[in-house]
Amino acid sequence: MTTSRGQRTIGGVVEYKGRGLFHGQEVSIKLKPQPPNTGIRFQRVDLPGSPIIPGNVAYVKDHKRRILLEKDGVAVEGIEHCMASVAGLGIDNMLVEMTGKEVPAGDGSSMVFVRLIREAGTVNQEPPRQVFTLSRAITLEDNGAKIVALPNDAGLELTYHLDFKDRSSLKQSYTISVTEDAFFEQIATARTFCLSSGVEEFIRLGLGRGVTEENCFLINEDGTTSTPIKRNKAVLRFADEGVRHKLLDLIGDLFLAGMGLRARVIGTRSGHLLNVLLARKIVELAQSEGCLSSKAVDVEV
Ligand SMILES: [Zn+2]
């Protein structure tokens, strides 16, 4: 474990109200500054005792299409784009108060949280930030998807290869060295998407109730993109918005390890499952090397 700069929190309390993508329930959130070594945490202020769930991979209960965290039977979900914003902007300590289970979707990217954090400003904190420098290669595979992490002392560099096999016209690859500016300019505004073939399943499961024409797009069988409801031609923010969003998810999911990371990570057709497994592996390695503070170790696995 090496340390770099000091930790950071946000400069004040900021609020927002909106609907979650999956369940469509209106939820109010407040982002609040927190003391050093507390990490990113979510608080259900709508429940008795206002229970807190750490934004840590130890509490990931479900990772299908979004991240759901659960502690002592209390859950928060859809937290991945919020986690991406704090990871991308270098925030280490922050509390997210919520009046419901699902984090608002905003515009389907991480911009709602990026704007709130920028509005609040950032405050430097004395204790050094924990950054884990990966010392050996990790390879994880699942059903044709793969994620590889390699040592890279220079910082965090991510590559993603988007390839749906059946949609051969839509192969996209993207590499980014993760800095605050690169995240903001290249990744933060990329919206979530769904394969057109997956829409029926979403409806059957009663999900996607917060979907609007603007907050996600569909990728069709022929590689074209559509709006999710009227199925008009989608106006994308980048021609390769899909691969950029996969990197946004990866940035958020890796930060569930509870620390910064120096490594080169290459994802191929991977998603939340392999991202979460890699974050778990990183925590294990950091623990075995004696590199985690008591805060990060003291969680149920
Ligand atoms: Zn996402």
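Above this text sits the structure in question.
Since this is a predicted model, take the numbers as computed values, not measurements.

A. Here's a closer look at the overall build of the protein. Assigned secondary structure in the protein consists of 7 helices and 18 strands. Taking 19 Å as the expected radius of gyration for a compact globule of 301 residues, we find that the protein reaches 18 Å, a close match to that expectation. Taking the principal axes of its C-alpha atoms as reference, the protein extends roughly 50 × 45 × 35 Å. Looking at the protein as a whole, 57% of its 301 residues are labelled buried. Of the contacts formed within the protein by residues at least 6 apart in sequence, a portion of 72% connects residues at least 24 apart. For the protein, the accessible area works out to roughly 12,800 Å², and carbon and sulfur atoms hold 48% of it. With 37 positive and 37 negative side-chain charges, the protein shows a separation of 1 Å between the mean positions of the two kinds.

B. Expanded view of the packing of aromatic side chains. This structure, assessed with the given rule, holds 2 aromatic pairs. On the numbers, 6.2 Å between centres and 75° between planes, the contact of Phe 164 with Phe 193 is edge-to-face. You can see Phe 164 sitting in the loop between β13 (156–162) and β14 (172–177) and its partner Phe 193 sitting in strand β15 (residues 193–195), a full 29 residues away along the chain. On the basis of relative accessible area, Phe 164 is assigned to the buried category, the value being 19%.

C. Quick look at the packing of helix α1 (residues 80–89) against helix α5 (residues 241–254). One can describe the packing of α1 onto α5 by two numbers: an axis separation of 7 Å at closest approach and a directional angle of 80°. By the angle between their axes, α1 is roughly perpendicular relative to α5. Between α1 and α5, the residues in contact are Glu 80, His 81, Met 83, Ala 84, Ala 87 and Gly 88 and His 245, Leu 248, Asp 249, Ile 251, Gly 252 and Asp 253, respectively. Looking at side-chain class alone, the contact of α1 with α5 contains 5 nonpolar, 4 polar and 3 charged residues.

D. Representation of the coordination of the zinc ion in the model. Taken together, His 81 (NE2), His 245 (NE2), Asp 249 (OD) and Asp 249 (OD) make up the full set of protein donors to the zinc ion, lying 2.1 to 2.7 Å away. Every donor counted, the 4 donor atoms about the zinc ion form angles of 53 to 150° at the centre, which fits irregular coordination. Here the donor residues of the zinc ion share one chain and are spaced in sequence as H-x163-H-x3-D. Of the two residues, His 81 sits in helix α1 while His 245 sits in helix α5, which places them 164 residues apart along the sequence. Each member of the pair, His 81 as well as His 245, is classed as buried.

E. Broad picture of α1. With respect to burial, α1 is a largely interior element, 10 of its 10 residues being buried. The complete set of buried residues in α1 reads Glu 80, His 81, Cys 82, Met 83, Ala 84, Ser 85, Val 86, Ala 87, Gly 88 and Leu 89. Following α1 by one or two positions, Gly 90 adopts a phi angle in the positive range, close to 75°.

F. The environment of Gly 39, seen in detail. Along the polypeptide, Gly 39 turns up in the loop between β3 (26–33) and β4 (40–44). Between the alpha carbons of Gly 39 and Gly 55 there is a distance of 7.5 Å; along the sequence they are 16 residues apart.

G. Structural context of the sheet that holds strand β2 (residues 14–19). Here we have 5 strands laid out as an open sheet, ordered β2-β3-β9-β4-β5, and mixed in their pairing. Each edge of the sheet is formed by a strand with only one pairing partner; in this case those strands are β2 and β5 (52–54). Geometrically, the sheet is characterised by an average inter-axis angle of 25° between neighbouring strands, direction not taken into account. With 5 bridges connecting them, β4 and strand β9 (residues 94–98) associate as parallel partners. Counterpart to Ile 40 in the pairing with β9 is Met 94. Sheet contacts for α1: β4 and β9; angle to β4, the most-contacted strand, approximately 145°. Against the sheet, helix α2 (residues 111–120) makes contact with β2, β3 and β9, and its axis sits at roughly 165° relative to β2, the strand it touches most.

The rules behind these values
Residues numbered from 1 in each chain as written. Predicted model: local features only at pLDDT ≥ 70, side-chain atom pairs only at ≥ 80, totals over all residues. Heavy atoms only, no water. Helix = DSSP H or I, 4+ residues; strand = E, 2+ residues; numbered from the N terminus. Rg over C-alpha atoms; globule rule 2.2 N^0.38 Å. Buried < 20%, exposed > 50% of the residue type's maximum accessible area, 1.4 Å probe, protein only. Contact = heavy atoms within 4.5 Å. Areas by Shrake-Rupley, 256 points an atom, 1.4 Å probe, with all protein chains shown as cover. Lys, Arg positive; Asp, Glu negative; His and termini not counted. Charge placed at Lys NZ, Arg CZ, Asp CG, Glu CD. Phe/Tyr/Trp six-rings, centres within 6.5 Å; stacked < 30°, edge-to-face > 60°. Axes fitted to C-alpha atoms, helices over the stretch in contact; angles between N-to-C directions. Parallel < 35°, antiparallel > 145°, perpendicular 65-115°, else oblique. Nonpolar A, V, L, I, M, F, W, Y, C, P; charged D, E, K, R; others polar. Donors = N, O, S within 2.8 Å, 3.2 Å for Na, K, Ca; no water. Tetrahedral: all angles 85-135°; square planar, octahedral: opposite > 155°, others 65-115°. Pairing = 2+ DSSP bridges.

The values reported here are purely geometric and, on their own, carry no functional implication.
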